[in-house]
Structure formats: C-alpha cells, structure tokens
Amino acid sequence: MKAGKLIALLLVAAAFIAGYYLGRPGEESLVITRTSTGASYSGGYDRERDDDLAAAGSEHGAATEGITHVVNDGESIMEAVKQASPGDTIQVMPGTYHETVYVDKDGISIIGVIRQGQRATMDGRGELNDAILYSGNNFVVENLLIKRYKGNAIMGQAGNNFEIRNNIIDDTGVYGVFPQLGKNGIVEHNVISGIEDAAIYVGMSDNVHVAHNEVFDSVAGIEIENSRHAIVENNYVYNNTGGVLAFITPGLPVKTTYDVIIRNNFIVDNNTPNFGAPGSTVAGIPAGTGILVMAADEVVIESNIIRNNKTAGIIITDHDNAPNVTIDPESDPSPDRVMILDNLMANNGYDTITEVKALMLTELKRGAPDIVRVGTSRDSCIINRHQYVTVGVDDWAECEITNTRDVDTYLLDEPVPPRQISLEERGKIAYLSICTGCHTYTGRMIGPPVQIIQALYMDDPEGLAEYIANPVKKRDDYPEMPPQDYLDPETRLEVAKYMLQVGN
Amino acid sequence: MLASRLVQRLLGLAGLPVAVVLALVAVDGQGDAAAERTFSLASHCPPSFELRGNGCYLVTRYQFYDSVEGRGVGGTQTSLPPHRDGFSPQQIDLGRLLFFDPLLSADNSLSCASCHQPDLGFSDGKAQSVGIGGRQLPRSAPSLWNVAFLDRFFWDARADTLEQQAEGPLFDPKEMGTTPAQLLADLGANAHYPALFGQAFPGSERIELAQVKTALVAFQSSLISLNSRYDRYAHGHHESLDEEEIAGLNVFRSFVARCAECHQPPLFTNNQIAVIGVPEPQGEPLDPGAQATFDAEKLRGGFKVPTLRNITRSAPYMHRGNFETLREAVSFYNDGRGHAVPEGEKLYLHWHIWEPDLTEREIDLIVAFLDTLTDESLTPPIPEAVPSGLNPKAGFAGNDHPRNLEDN
C-alpha cells in the first residue's frame, strides 16, 4: 500500500472517530460516570419508620443462657429439640441422621460439630420431605451437611432473627435454604447445589442478608421474592439456569419486593438446562440468565462480575412478558426504579433466545446482549451504559446515585423483639379468648356462672388456678370441665386472678 | 370429644347472652305465636369479644404475635390480619335473628342459614346449594367461619366486603330472590323488627338496607374459630397433638405437600385466588371462576382458597362439592399437576400444584391433622324463634329434630 493511500485511509478513520466523539447527527456523546465519587444509595431501610419495631418498643428480652444438649451418632436430633428450652443449643456430633427436625419454639440453636472434616450429616435418603422446619424466633442452624431430601433442606415459617450459615446442602428437592415470612435473618457461608428450584429462596421476608454463599448446579441460584430490604452480596453463583433473581411472584399474600441490593457477586456460567418442575415460576427462566428482575422495585445492581451467561447478563421484565407467570390484581406487574450501576459484564448473550433477538431488531441492534429489558419499567436508570450491549434501556435516565456504600447491612442492631404483653394482659386475653366460651358472668352456659366461681374462690386465685389445671366434677347438672393444662402455670394464675375480679 | 362437646352445648345454652325470649306462647300457627312474643337484643358481646364503649372487640391469643407486613399468614405464632369487629352487641344479635329468618327470602322459604348451617361448618352439606323454589345453584356454599378476617368473598372473589357479599344471595333471583324494596317492606311491616332495628341503630327512624347489611356483617364477624387443638399446639402446648397429628402437620407444611403455602396458618387460608384444575362433574362445562370477576384469562378456573378451619364439618369439598371426603380432596392434589384438566382447556395452574408423590400413609396423616383444626366452641345458638314467626331452621335437613336451639 502506498503512503498516500494509507494517509488517506487514516484521515478517513480519524474523521470517523472525530465524528463519533464530536457528535454525529443522532449520536449522543458518551457519559462516563465514576463510581468512586458521587452520591450513594440511601433509599433503603429506615429503622425509625419500621412499624414493627416502633410498636414493640425498645425492650428486648435478653436471651437466657441455655444449656447444651449433645446428640451423638445414632441418636435423634428431634428428641433433643423436644427436650430443649429457649436459649438452648443442640450440638450435633459427626454422624448420619435420618430425620425431619421441626422447631416450633424460640431460641433454639442447632450446631453441627465438624471434626477433622467429618460433619454432622442429615440424609433424607430420597424419602423424607424436609430436613429442618422451623417456626420459632431466634433460630440458628450451622455446620450441617444436608442431602437427599424431597422438599427443602432448611425451611423457615415466620421465625424472626434466623441465622443459617456454614451448611453444605446437596440435592434437597425444591429449595436448599428457604426462610419464609421472617424478619431479620442471615443466610451466609453456605454451599448449595443440585436444587430443582432455588438454592437460596428468601420468600415474603424483611431485612435479610444473603452473603458469601456458593450456589451452583441448581435451576435458580439466589431468589429474593416478595421481600423488602435485602442485600445479596459476595456470593459465587455459577452453573445454574438463572443466577440471582429478584421477583414479585403473583398470587401470594405479601405483594411487594423492593429495596434489594445485588452487589459484588460472581455470577458466571449460569447455562445449565432448566430442570425446574413443570409450571414452577423458575421453569420459565431461559438457561443462561445472570440476573433476572421480575416486577421487583428499587433493585440496585452494582459491582457484580457477570460473565458467560448465554442468554443475557441481566434481564428485567414485567409480569406480562414473563412466561409461566399468572397475574395478581393486587400486585404491580412492573419493575420500577431499577438501578444498574457499574458491573463487569463480559461474554453474555452469546447464544441468546429468539425473543431477545427479535427485541434487539426493534432497536436495530445486533450482537450479544448484556442487558435486556422487556415490558414496562418506570423511573429506572443506568450508568455507563456504553460498556454493555443493551436492549430496552436506551431511554433510561442516568442514575443520580453511583454506589451503595452508605448501606452496610439491613440487619437490625438488635433482634426483632417479641411483642411484649404484660402478665396481667395475658390473663385477660386467655380469659376472654378461652373461658368465656363456656362461662358467662351471671347466666348459665356450658359451665357455671363466673359469679358463682368468684364466690367460691374469692381469696384463693392459686386454688382456682389449680382447679383450672386439674378440674374435678363438682356439679351433677353441669358437664365436667376439661383440664386447661395447655396454659402455662403463670398464665393459669393470671387467668384465675382476672376471673376473680372481673365485673360483668 | 365431639359428642361430649355437643352434649355440653345442649346442656348449657340457656344462659347465653343472646336474644332472650321473654314470653313463650305455645300455639300452632307460627305467625300468631311470633306476634305474641317479645324480642329483645343482647347487651353482652358474644364469647371471646370484649365490650369497649358499645363495641365488641375480638380477643385472641394470636394477639401475642407479629406478622410480616401485617398480613397475618404463615408459621405457628403469627398475628392475624386486620379484621372486622367493633359492632355493638345489639347489632350482632339482630344480625343473628336476621341470619336465621326466612323473611329475608322472596317466598319466605329460605334464610341465610339455610345454606350456612352451624352444624355443617356454616355450609349446607351439598355439592350445589339450593336456592328459592328448589333451584339448583352453580356452586357449593362456602363456610363462614372466620370471615371477619377475609377481604374477598364468593368462590370467584367478586365481592370485597361482607356488605357487598350480602347483596349477592339476598337479591339474586335464584338464591333468596328478594328485592331491596320487598326486604325493607317485609321488615318494616313486621311486628318486632322496627323496634329491634331501633335498639341496634339508635336514632334511626326507619329501617334502611345498610342497617340490614351491617347487622348481618356484625353477626358473621362473630363466627370465630381459633381455639382448636392445633391452636393450643401453636401457642406452645405441644402435647395437644399426638405424634401422628404432629407428623401430619409436618407433611401438611412440608414443601413436598405444600398445603400450608396456600392454606397458611393461623387462618389456614391465604385469602388468595388459586387455579388448581379441579374438574367439573362429567358433562358440565368448566366454571370460569375468577376469570369472569377480573376479566383475566390467566385466572380461568381460579377460585378462592377456602379456610380449613372446621373443615371436617363442611363436606363435600371444592367449589362444586367435587369430593365427598377430605381424603379424596387431599388425593386430588397428590394425583399430579393438571391431571384432571379437560382436554382443550388452557389453565394457568398455580405453581404450588405439582407432583408431590405422597405415600398413602402421608395422605392419612394430613387428614388426621385436619381434624385438629376443629373448634366449634363459639358456635352461636340458633334462635328458637325469629321475629317473622317462620322456622329458623328452614331448609335444614332433618329440621324436625332441632338441636342447638336456645332454651332447649
């Protein structure tokens, strides 16, 4: 090539580049935002405005120091739980345990002992439903190896202040770790694989921290669903069908997901063919999805490494465009105020689905998409969009925030306090909710009138409390009273006191 | 247990704080008899309600707890969702009289209680309820236990309030068939109702439709069932259930069976709509359910999730009474996702409907557990007489053998 021609070419190239940067007709100049400076996200959790905590006041019942129950190989964890009182620890020695453990009391810790690499192992042998079901508050489970259950490894039902950590979970059916309807919980340092729905599924919960987990070979890695004030950070999420999900699932009693921070995760190679149960929400996730935001609001996606997810790095969709999803007249189907900050995205969307290709055509775009938005999304924003191949976000605003460093955690400084109800109040509530079913003040009902009981026991609440626990037949014309021994002794005495002073 | 409960109830009903019949005249011809009775309304709240001001407020041990987002679902120790209460004792008691009074139907043949009988779980034991003139209605009658906590009504969720709901059966030509004008005329012409409405709604000069609805809502809001053996377990007395029942509870709430995902404690419903694919009887077209309410294809075949409280009393089960027994109903879920969806139907089945593959024993355990949800301790008494003089058990099967009557 002659020098003259080369110069001409260079000139043309220079003109092209200059035209690009100086603004060709129809092209905007690049906006480059530095995340080390600028405003931090602060739209999250405000403790002062948390009605649950305000209503409960600031009194915290200090957890009593409990005792430790040691469970050896060949013994039953459940038997130990039955013996345990709030504050107690169940120490499970290495060995194999075939059982379902349910915890319907507060303040129980199940701690596996790891000795020279040998863990306390719960093995469902493919026959048992769930390994651990808890509904108590302040539940802790650590250091277990859980495998081969049909339902879930660890399922929470409305327990607050849960801590689920350092467990290895494999092939436990639908979910690995599934705290549901709880407030203030930690899921951290768990290794979870082989799950046919979500390895970690936070459902209908508030103030949750999911960190430092390794989740792989599952349909969904980590799912935040119908939950608020959740942080998903520093997790290694790979070889799933979809990596990290923030959803509103329709048809559930709790209707919102918002204020979710997904940051500093490694979300790579989530290309596993979908093996979700037919009809499940996750069965509609295209293999090769890094992050999926469906209908959830106020989701911040920041500083993740999102690589090698073949359909797209991030997909944002409303309910109307999501497969396998029904509708809910009470749930807003649109993902609003989604904030995409800097993320390292590379080699995503290299083998994307037809729907995404079609969507790209509408914007006359080609290539492998990092970010795909479909359907309505109001007030969402993105920074440094030039880094990625995108579809559906061109009209998104530039984010006013650039980082989330002001938000350390949404966990509470102190556990959610139990609702404080005075003893006196307990007596009254038990009287009205139970005793009045059989006793009226003056008239005959199933049992004798309260007035008569008052005359008999006026100065003897202890005697009445004793009778309540162990009644004997006294009157031929009345049926025998069933024992009320299901009330604890304290409550029985308070009921007796209340009953003896009630005036109508 | 149940028999003894019934005996207790029969033995002890006389003193209930309810409408007191002050003058009893035993003559044939109910209209005459009623004219000579005197009715007055209770000044005490029903059991488990506390009188504050002149309002009755529910007291339950679930007040000890909280609940995520105040929705009152899930887990053992969870507070209840917001509910209707605060009605006066007089309004509740007037509602009870109205509820059992066939005067509210066009031909005086049916009362609300005809389809919502206390001894049948406030349902009627039929796969399809029967309306005025013996007309068969399309669906079964839902239970009324704990309706105070619900915010959508009818199988297809077409009403948002109990007041709105009341208009359905009252004015549906196939159900009670009356009209607002006829209803108000009948009540106004009655010898007792104007005075009773005056007691329940002081300061009002004449009976209004809104008052009728308020009274009915007040009464229905008093139908509380929260003291079952399960509840004792939930409040911490684990001996209230035996090993089999606890095992049943654990299957019920396991994520294999997933019963508790929709039938969430403490109400054992999440008050949502679910499409589960229950077939209609042979030859009948698919009931579109909530599809019609919300004009939404995706809710085709969707119905409200019913409570399981006192479920052993309200057979047959499902919106069309498809299953005679609880075991059949549980087995339906176990037979697999969509197994009974008619050919050519595209239903968006709820994601919790799957292939749980429960063993026969696990199905038995669930059924055993469901019996622990039985608590009829707060069943209100059926009035011995209602102001119209009509039979307060009109439409009841076997009503020649009245039980659960006042002063019995």
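Each remark here, short or long, concerns the structure printed above.
Conventions and cut-offs
Residues numbered from 1 in each chain as written. Chains lettered and ligands numbered in written order. Predicted model: local features only at pLDDT ≥ 70, side-chain atom pairs only at ≥ 80, totals over all residues. Heavy atoms only, no water. Helix = DSSP H or I, 4+ residues; strand = E, 2+ residues; numbered from the N terminus. Rg over C-alpha atoms; globule rule 2.2 N^0.38 Å. Buried < 20%, exposed > 50% of the residue type's maximum accessible area, 1.4 Å probe, protein only. Contact = heavy atoms within 4.5 Å. Lys, Arg positive; Asp, Glu negative; His and termini not counted. Charge placed at Lys NZ, Arg CZ, Asp CG, Glu CD. Buried area = accessible area lost by both parts, 1.4 Å probe. Salt bridge = Lys/Arg side-chain N within 4 Å of Asp/Glu carboxyl O. Polar contact = N/O pair within 3.5 Å; in protein donor to acceptor, adjacent residues only side chain to side chain. Disulfide = S-S within 2.5 Å. Pairing = 2+ DSSP bridges. 1 Å grid on protein atoms, 1.4 Å probe; cavity = no way out; pocket = protein on both sides within 12 Å on 5 of 7 lines; lining within 4 Å. Points joined across faces, edges and corners; volume = space filled by probe spheres on them. Nonpolar A, V, L, I, M, F, W, Y, C, P; charged D, E, K, R; others polar. Phe/Tyr/Trp six-rings, centres within 6.5 Å; stacked < 30°, edge-to-face > 60°. Lys NZ or Arg CZ within 6 Å of the ring centre and 35° of its normal. Axes fitted to C-alpha atoms, helices over the stretch in contact; angles between N-to-C directions. Parallel < 35°, antiparallel > 145°, perpendicular 65-115°, else oblique. Arc of directions from axis to C-beta. Expected span 1.5 Å × (residues − 1).

Q: So what's going on with the overall build of chain A? Residues and values would help.
A: Check the secondary structure of chain A and you find eight helices and 36 strands. In summary, chain A has a C-alpha radius of gyration of 29 Å against a globular reference of 23 Å for 504 residues, an excess of more than 25%. Reported as C-alpha extents along the three principal axes, the dimensions of chain A are approximately 120 × 55 × 40 Å. A total of 504 residues make up chain A; the buried ones form 57% of that total. When contacts within chain A are restricted to residue pairs at least 6 apart in sequence, long-range pairs at least 24 apart make up 56% of them. Here chain A holds 38 positive side-chain charges and 70 negative ones, and the gap between their average locations is 5 Å.

Q: Give me the lowdown on the interface of chain B and chain A, citing residues and values where you can.
A: How big an interface is tends to be stated in terms of the accessible area lost upon association of its parts. Every contact between the two is made by 62 residues of chain B and, on the other side, 68 residues of chain A. Taken over both partners, the interface formed by chain B and chain A buries close to 5700 Å², and the fraction arising from carbon and sulfur atoms is 56%. Contact with chain A buries surface across chain B, with F64(B), V68(B) and W351(B) losing the most and accounting together for 13% of the total. Where chain B touches chain A, the interface holds five salt bridges. Residue R228(A) pairs with E69(B) through a salt bridge whose shortest N-O separation is 3.0 Å. Scanning the region where chain B abuts chain A turns up 20 residue pairs in polar contact (both at pLDDT 80 or more). Of all elements in the fold, only α1 (2–12), β3 (49–52), α9 (229–234) and α10 (243–253) of chain B reach the threshold of two or more residues within the side of chain B that touches chain A.

Q: So what about the state of the cysteines? Which residues, and what values?
A: All names here are of chain A. Throughout the structure, instances matching the rule amount to two disulfides over all chains. Here C381 is linked by a disulfide to C399, with a sulfur-sulfur distance of 2.1 Å. Classification of the bridge connecting C381 and C399 rests on its S-S torsion, roughly 100°, and on that basis the disulfide is right-handed. Here C399 lies in the loop between β35 (397–398) and β36 (401–403) and C381 lies in strand β33 (residues 381–382), a separation of 18 residues in the sequence. We note that C381, like C399, is buried.

Q: Would you mind going over the pairing of strand β26 (residues 289–294) of chain A in detail, with residue names and values included?
A: Residue and element names in this part refer to chain A. Within β26, six of the six residues are buried, leaving the element largely enclosed by the surrounding structure. Looking at chain direction, β26 and strand β29 (residues 312–317) are connected through five bridges and run parallel. Bridged to V293 within β29 is I316.

Q: So what about empty space enclosed by the protein? Which residues, and what values?
A: All names here are of chain B. By the definition in use, this model includes eight cavities of 30 Å³ or more. Estimates place the volume of the second largest cavity at around 120 Å³. Every element with two or more residues in the lining of the second largest cavity is listed here: α10 and α11 (259–262). When residues in the lining of the second largest cavity are grouped by element, the largest group, three residues, is from α10. Of the residues assigned to the lining of the second largest cavity, the class counts are seven nonpolar, six polar and two charged.

Q: Just give me the short version of the pattern of salt bridges, but keep the residues and values in it.
A: What the rule picks out here adds up to 39 salt bridges over all chains. With its nearest N and O atoms 3.0 Å apart, the salt bridge here joins R96(B) to D93(B). With R96(B) and D93(B) both in helix α3 (residues 89–99), this residue pair falls three residues apart, about one helical turn. With respect to burial, R96(B) and D93(B) carry one shared label: buried. A salt bridge links E345(B) to R300(B); the nearest nitrogen and oxygen atoms lie 2.8 Å apart. Here the residue E345(B) occupies a position in the loop between α13 (326–334) and α14 (360–371), and R300(B) occupies one in the loop between α12 (290–294) and β6 (302–304), the gap between them amounting to 45 residues. For E345(B), a relative accessible area of 24% puts it in the partly exposed group. Taken together, the salt bridges that share partners define one network made up of E142(A), E163(A), R165(A) and E188(A).

Q: Can you tell me about the packing of aromatic side chains, naming the residues and giving the values?
A: Counted according to the given criterion, the structure contains 30 aromatic pairs over all chains. Between F178(A) and Y201(A), the aromatic rings sit 4.5 Å apart at their centres with planes inclined by 5°, giving stacked as the arrangement. Placement of the pair is F178(A) in strand β14 (residues 175–180) and Y201(A) in strand β17 (residues 198–203), with a sequence separation of 23 residues. Take F178(A) and Y201(A): they sit in the same class, and that class is buried. When the centroid spacing of 6.2 Å and the interplanar angle of 25° are considered together, the rings of F197(B) and F201(B) count as stacked. Chaining the aromatic ring pairs together yields one cluster made of F99(B), F100(B), F122(B), W145(B) and F219(B). Between R426(A) and the ring centre of F64(B), over which it is positioned, the NZ or CZ distance is 4.4 Å.

Q: Please set out the packing of α3(B) against helix α8 (residues 209–220) of chain B residue by residue, giving values where relevant.
A: All names here are of chain B. Remark: α3 packs on α8, axes separated minimally by 7 Å, with the N-to-C direction vectors making an angle of 100°. Viewed along their axes, α3 and α8 adopt a mutual orientation that is roughly perpendicular. From α3, Q91, I92, L94, G95, R96, L98 and F99 reach across to α8, where they touch V212, T214, A215, L216, A218, F219 and Q220. Broken down by class, the residue content of the contact of α3 with α8 amounts to nine nonpolar, four polar and one charged.

Q: For unusual backbone geometry, give the residues involved together with the corresponding values.
A: Leaving glycine out, the prevailing phi sign among residues is negative, and the prevailing peptide bond configuration is trans. Of the consecutive residues P265(B) and P266(B), the connecting peptide bond is found in the cis state with omega at 5°. For the peptide bond that leads from A315(B) to P316(B), omega is -5°, which places it in the cis range. Following the sequence through the fold, P316(B) ends up in the loop between β6 and α13. Look at D171(A): it is not a glycine, yet its phi comes out positive at around 55°. Mapped onto the secondary structure, D171(A) falls in the loop between β13 (168–170) and β14.

Q: I'd love a proper account of the environment of E223(A), names of residues and values included.
A: Topologically, E223(A) is positioned in strand β20 (residues 220–225). Placed 177 residues apart in sequence, E223(A) and D46(A) show a C-alpha to C-alpha distance of 23 Å.

Q: For the sheet that holds strand β4 (residues 95–97) of chain A, give the residues involved together with the corresponding values.
A: Residue and element names in this part refer to chain A. Pairing is parallel across the open sheet formed by 10 strands, whose spatial order is β4-β7-β10-β13-β16-β19-β22-β25-β28-β31. Each having just a single partner strand, β4 and β31 (344–346) make up the two edges of the open sheet. Across the sheet, the mean angle from the axis of one strand to that of its neighbour is 10°, orientation sign disregarded.

Q: Which residues make up helix α6 (residues 450–457) of chain A, and what values do they have?
A: Residue and element names in this part refer to chain A. All buried positions along α6 are accounted for by V450, I453, Q454 and Y457. Looking down the long axis of α6, one finds its buried residues gathered within 100° of arc, a one-sided arrangement. In α6, the exposed positions angled more than 90 degrees off the buried face are occupied by A455 and L456. The secondary structure elements touched by the buried residues of α6 are α5 (423–433), α7 (461–469) and α8 (489–501).

Q: Break down α8(A) for me, citing the residues and quoting the values.
A: Residues and elements named next belong to chain A. The end-to-end C-alpha distance of α8 is 19 Å, a good match for the 18 Å that 13 residues give at a rise of 1.5 Å each. Those residues of α8 not exposed but buried are T491, R492, E494, V495, A496, Y498, M499 and L500. Those residues of α8 that are buried are in contact with α5, α6 and α7.

Q: Lay out the sheet that holds strand β5 (residues 101–103) of chain A in plain terms, naming residues and giving numbers.
A: The parallel open sheet is built from 11 strands, whose spatial order is β5-β8-β11-β14-β17-β20-β23-β26-β29-β32-β34 (chain A). For this open sheet the edge positions go to β5 and β34 (390–391) of chain A, each flanked by a neighbour on one side alone. In this sheet, β20(A) lies alongside β17(A) in parallel orientation, the contact comprising five bridges. Bridge pairing links G203(A) to E225(A) in β20(A). Running over the sheet, helix α4 (residues 354–362) of chain A touches β32 (371–374) and β34 of chain A and is turned about 85° from β32(A). Along the sheet, α10(B) makes contact with β5, β8 (132–134) and β11 (152–157) of chain A, crossing β5(A) at roughly 90°.

These figures come from the coordinates and say nothing about function on their own.
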